[in-house]
Amino acid sequence: APSSPPSVFSMLRSVLVRAARVGLFAYAVQEYAIPHAQAFYDMSHTVAKQMSHPTILFKANTRDGQTIIVDDYRDAYLWLRDNTPEDARIMAWWDYGYQITGIANRTTVADGNTWNHEHIALLGRALTSPEKEGHRIARHLADYVLVWAGGGGDDLAKSPHLARIANSIYRHMCPGDPTCRQFGFLQQGVPSPMMEASLLYKLHSHGQKPGVEADNNRFRHVHTSKYGKVRIYKILSVSKDSKEWVKKNRKCNVPGGWYCPGQYPPALQKIVKEGRNFAQLEDFNRGDSDEEYQKKYFDMLNNPDKAKRKAQKKMAQQERKKAAASGSDSYKADLDKMDPSQRIRVMNNRANWKDTELTSTMWSMIAESKLDLLEEVLEEEPAFGHVRSSDGRGPMFWAHEFGNKRVVDLLKKYGVSETERDAKGMTPLDMRKG
């Protein structure tokens, strides 16, 4: 049977329902969508301004309240552009690679698109190794080294991370410690022995901190920006053979192509082979998974106190080895054969009062208040608290001289006397100021 036409009432109801829906939609747009859209629009423009802000150029206030423009980074890159050969290669941490390429128009060792973890680790190794070894790598890779200095988030602040990356490939850097706690600051900004010996520390603090100088036979300081944010050094004794080899052995995916995986020169192969391939956590299908290393890494991250103590123990052992190599002949000859009391007697024997690397190290730890490291050293070798320099003075004398009660108490704990006399007949108590 044919359907009956809709009644006027049903048609009216349909119109009213649709009108109500339209009204509710309009209300929702007016009350909710438009305000949120406006907030989204405002936020987008705010973020856009922040992201497009030239972060290498910024305002700062001096101590006297003067507002200045810090243009150090651009200044350094322009200096490279105007004062280095066009084929100069710049070694810097990868963070600044794009800036160096874009502004200085110079080749960098690494940038933000360097996906090769082993290569980044080699760069980290060069920067965090002792100066001599760092130069041994750098001279085959680059012509200049650029470091960010001046405090804040500079290269020294991030250098413990560089050391960890280096150690992920070159395990001898921080043996048994994936978090590389041996490389870093001890307390109050005092560098650990490993950091203090590093190439990066030398270049960062050259001429800025007492006693810190880069080896002028390996690196020549050529530029420091106005406010000290960037420092540039020319690498001396650059290997011309390595530089020419790289030029002649450039291999690209197609002739004239831009994708050209780098190759290390023959002179670097021995160093490169000391590393191992890095297995990322997500590389489930690899047979040579580094699961044990990763497990230890996260265990130490989650237990920082344990990692710190282990690192300090390692540093103490290193100091003990250095002392055995540089101490007095009678001490050095039978170090491991003596019992603790014998070692202490040898240390206090006037015939063994000498200026050695051990006395210098102990004085430095006390002068710089490296209490944690000093305690680990004494725990490893208590006799070191009794060592004497050529004037007959030792740790207890220096502790009183610097007025460091915590060191005095620590030395007493290990039986160091306050009544032993130096070459002039003075005791540690006579060294107290005031």
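Computed from a predicted structure; not experimentally measured. (Residues numbered from 1 in each chain as written. Predicted model: local features only at pLDDT ≥ 70, side-chain atom pairs only at ≥ 80, totals over all residues. Heavy atoms only, no water.)

**Q** With reference to specific residues and values, describe the packing of aromatic side chains.
**A** Within this structure, the stated rule accounts for 4 aromatic pairs. Ring plane angle 35° and centroid distance 6.5 Å describe the contact between F58 and Y73, whose orientation is recorded as tilted. Of this pair, F58 sits in strand 1 (residues 58–61) while Y73 is found in helix 2 (residues 72–83), placing the two residues 15 residues apart along the sequence. Note on F58: relative accessible area 28%, which makes it partly exposed. Look at Y73 and W148: their rings are 4.3 Å apart centre to centre, the planes differ by 35°, and that puts the pair in the tilted class. With Y73 in helix 2 and W148 in strand 5 (residues 144–148), the pair connects residues that are 75 residues apart, well separated along the chain. With relative accessibility at 14%, the residue W148 sits in the buried group. Taken together, F58, Y73, Y96 and W148 form an aromatic cluster joined through their ring pairs. Lying over the aromatic face of Y170, R125 brings its terminal NZ or CZ to 4.7 Å of the ring centre. (Phe/Tyr/Trp six-rings, centres within 6.5 Å; stacked < 30°, edge-to-face > 60°. Helix = DSSP H or I, 4+ residues; strand = E, 2+ residues; numbered from the N terminus. Buried < 20%, exposed > 50% of the residue type's maximum accessible area, 1.4 Å probe, protein only. Lys NZ or Arg CZ within 6 Å of the ring centre and 35° of its normal.)

**Q** Describe in detail the pattern of salt bridges, supporting the description with residues and values.
**A** As enumerated under the stated definition, the model contains 18 salt bridges in all. Linking K247 and D87 is a salt bridge whose minimum nitrogen-to-oxygen distance equals 3.2 Å. With K247 in helix 9 (residues 240–248) and D87 in the loop between helix 2 and strand 3 (89–91), this pair connects stretches of sequence that are 160 residues apart. Residue class for D87 comes out partly exposed when judged on its relative accessible area of 36%. Measuring nitrogen to oxygen at the nearest pair gives 2.8 Å for the salt bridge that ties R125 to E274. Residue R125 is found in helix 4 (residues 117–128), and its partner E274 is found in the loop between helix 10 (269–272) and helix 11 (291–302); the two are separated by 149 residues along the sequence. Take E274: its relative accessible area is 38%, and that puts it in the partly exposed class. Through salt bridges with shared partners, a single network forms among D87, R89, D143, K243, E244 and K247. (Salt bridge = Lys/Arg side-chain N within 4 Å of Asp/Glu carboxyl O.)

**Q** Lay out the side chain of T84 with the relevant residues and their values.
**A** Along the polypeptide, T84 turns up in the loop between helix 2 and strand 3. Among the polar contacts made by the side chain of T84, one reaches the main-chain carbonyl oxygen of L80 at a distance of 2.5 Å. Those residues in contact with T84 that sit more than four places away from it in its chain are W79, R106 and Y144. (Polar contact = N/O pair within 3.5 Å; in protein donor to acceptor, adjacent residues only side chain to side chain. Contact = heavy atoms within 4.5 Å.)

**Q** Provide a residue-level description of the nonpolar core, including the pertinent values.
**A** Among the nonpolar cores identified, the biggest contains 58 residues, and M91, I100 and L146 are the most heavily contacted of them. Excluding residues within four positions of it along the chain, M91 makes contact with V109, L123, A126, L127, A138, A142, Y144, V145, L146 and L199. L186, L358, M365 and L410 belong to the second largest nonpolar core, which has 25 residues in total. (Core = buried A, V, L, I, M, F, W, Y, C linked by side-chain atoms within 4.5 Å.)

**Q** Describe in detail the sheet that holds strand 7 (residues 230–235), supporting the description with residues and values.
**A** One open sheet accounts for 5 strands, arranged 4-3-5-7-6; its pairing is mixed. At either margin of the open sheet sits one strand with a lone partner, and together these are strand 4 (107–108) and strand 6 (219–224). Direction of pairing for strand 3 relative to strand 5: parallel, over a ladder of 2 bridges. Counterpart to I90 in the pairing with strand 5 is Y144. (Pairing = 2+ DSSP bridges.)

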